[in-house]
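Below are the chains, spelled out letter by letter.
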Amino acid sequence: MPITHLKAAPGLPPQSAADVSDTVQVMLAALRTGGEEAALDYARRLDGHDAAPELSPAALAGAHRLLPVTLVEDIAYAHANIRAFAVAQRASVQEFEVELRPGLRAGQRLLPLGCAGVYVPGGRYAHIASALMTVTTARAAGVGTVTACTPPGPDGPHPAILHALHLAGADRVLAMGGVQGIAALALGLFDLPGADLVAGPGNAFVAEAKRQLFGPIGIDMVAGPTDSMILADATARAERVALDLVSQAEHGGTSPVWLVTTHAPLADAVLTMVPRIIASLPEPNRSAAYEAWAALGEVMLADTREEMAAQADLYAPEHLHVQAADLCWWRQRLSAYGSLFLGADTTVAFGDKAAGPNHVLPTGRAARYTGGLSVHKFLKCVTWQSAAPEALADLARASAGISRAEGMEGHARACDARLPDRHAGRCCGS
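As a starting point, this report considers the structure included with it. If you're wondering where the values come from, they're calculated on a predicted model, not measured in any experiment.

Quick notes on the rules
- Residues numbered from 1 in each chain as written.
- Predicted model: local features only at pLDDT ≥ 70, side-chain atom pairs only at ≥ 80, totals over all residues.
- Heavy atoms only, no water.
- Core = buried A, V, L, I, M, F, W, Y, C linked by side-chain atoms within 4.5 Å.
- Buried < 20%, exposed > 50% of the residue type's maximum accessible area, 1.4 Å probe, protein only.
- Helix = DSSP H or I, 4+ residues; strand = E, 2+ residues; numbered from the N terminus.
- Contact = heavy atoms within 4.5 Å.
- Pairing = 2+ DSSP bridges.
- Axes fitted to C-alpha atoms, helices over the stretch in contact; angles between N-to-C directions.
- Polar contact = N/O pair within 3.5 Å; in protein donor to acceptor, adjacent residues only side chain to side chain.
- Phe/Tyr/Trp six-rings, centres within 6.5 Å; stacked < 30°, edge-to-face > 60°.
- Lys NZ or Arg CZ within 6 Å of the ring centre and 35° of its normal.

Take the nonpolar core next. In terms of nonpolar packing, the biggest core is built from 41 residues, with Ile75, Leu132, Val135, Val143, Leu165, Val173 and Phe378 touching the most fellow members. Elements with a minimum of two residues in this core: helix 3 (69-91), strand 4 (115-119), helix 4 (128-141), strand 5 (145-150), helix 5 (159-168), strand 6 (172-175) and strand 7 (197-199). With eight residues, helix 4 is the largest single contributor of residues to this core. Those residues within four positions of Leu132 in sequence are excluded, and the remaining contacts are Ile75, Ala78, His79, Ile82, Thr137, Ala164 and Ala168.

Okay, here's the thing in structure tokens:
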């Protein structure tokens, strides 16, 4: 039986991605030619910030004094989990050397990037966890220098973001947001080292700036609005499911949330509860969640758990939360997600903030082909090879033969020159 939509998503009004792209292209051109002066001008006009952009070491080190002790402790707890996971992730990939044939050796090395730049959003919400997720992971990978930028509010960046950046190990921090912040990291403005890679979430303009800068520098991914799916059976509790959907919808009006269930009474109860929970939120959370639920929320009814799993694979959500029996089956069966949350108690909000695995994840079905931010993104996996005399005869003949079949005579002659002496004449065309 096909999936039944008990609530379909009408979608958002048409928007022009070309407008964002054109705006960013103009801004980047101005930033490339105008440098720091252009960045400061954008900061004044767009951030409303007229102070020197770089935060002093003393401001970073002292930011915790502006925070409640309990929040400082919460940040320390999250940082410890994120760092422990990233360190274990780094240990999971190794350098190696192998002898493929007598005299033919090859291997791989893992080289950390020289400099990573991270962007930490600070608009509607203070993204404390993003500071931890990006900088901590880069540090665990062994990156030499980590720079960061975050948008300032009327009184400068949120002190909790600054404390998180300091705790995680950021070397230098700019109070600068948007396209100008990304450009400062990538182009090395304000005496920063130019970043080899820029990572971190942001709005459509930040994502587009990263996309346009990609090539000469690396980026973690081009991420769109966050999205989440819950798979639930008759064992799930409607109130928890509804709360979890709303918690992700509050990211913003462009954030889809989906429920797929085999239990019609659960679906009906969730449809009733979600609007009530949204109405109880403060602003601006309430408006953001309402817009997302109204335009992009879906509730789907399936006949079997296999149909539920197939729907999850089709949507390839950023966050996939299983609130169903037999979690081992689901863990083995599901194959397309940014991060998987197993069990009713393992809310996606844990992963967003403090559980340990990274929350910078692929969106918009990109989980079909990639995972999220990890230490691997901050490492270059490079290879090497060496050929001793005993390997040359076969290696040179095979390489020269393939080269000539491809029409690449220069390659073939370079290989011929490595043949044993009795064949060396071929390198001169004989």
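Having seen the model, we can carry on.
So, on to the sheet that holds strand 2 (residues 96-101). What the three strands build is an open sheet, ordered 2-3-14; its pairing is antiparallel. Two strands bound the open sheet, and with one partner strand each, they are strand 2 and strand 14 (379-387). Each strand of the sheet is rotated relative to its neighbour by a mean of 20°, with strand direction disregarded. Here strand 3 (residues 104-112) runs beside strand 14; their pairing, made up of nine bridges, is antiparallel.

A separate point is helix 7 (residues 204-213). The set of residues buried in helix 7 consists of Val206, Ala207, Glu208, Ala209, Lys210 and Leu213. Two or three places before Phe205, at the start of helix 7, stands the capping residue Asn203, its side-chain oxygen 3.0 Å from that residue's backbone nitrogen. Just downstream of helix 7, Gly215 is the residue with a positive phi angle, here 130°.

Turning our eyes to something else, we now look at the packing of aromatic side chains. Within this structure, the stated rule accounts for two aromatic pairs. Here the aromatic rings of Trp258 and Tyr315 are separated by 4.9 Å at their centres, their planes lie at 80°, and the arrangement is edge-to-face. With a gap of 57 residues between them, Trp258 in strand 10 (residues 257-261) and Tyr315 in helix 11 (residues 305-315) connect regions that are remote in the sequence. With respect to burial, Trp258 and Tyr315 carry one shared label: buried. Seen in terms of ring centroids, Trp329 and Trp330 are 4.8 Å apart; in terms of plane orientation they differ by 85°. Their pairing is edge-to-face. Under the relative-accessibility criterion, Trp329 is labelled partly exposed at 22%. Over the face of the ring belonging to Trp293 we find Lys7, whose NZ or CZ atom lies 4.9 Å from the ring centre. Positioned above the aromatic ring of Trp329 is the side chain of Arg305, whose terminal nitrogen or guanidinium carbon lies 3.9 Å from the ring centre.

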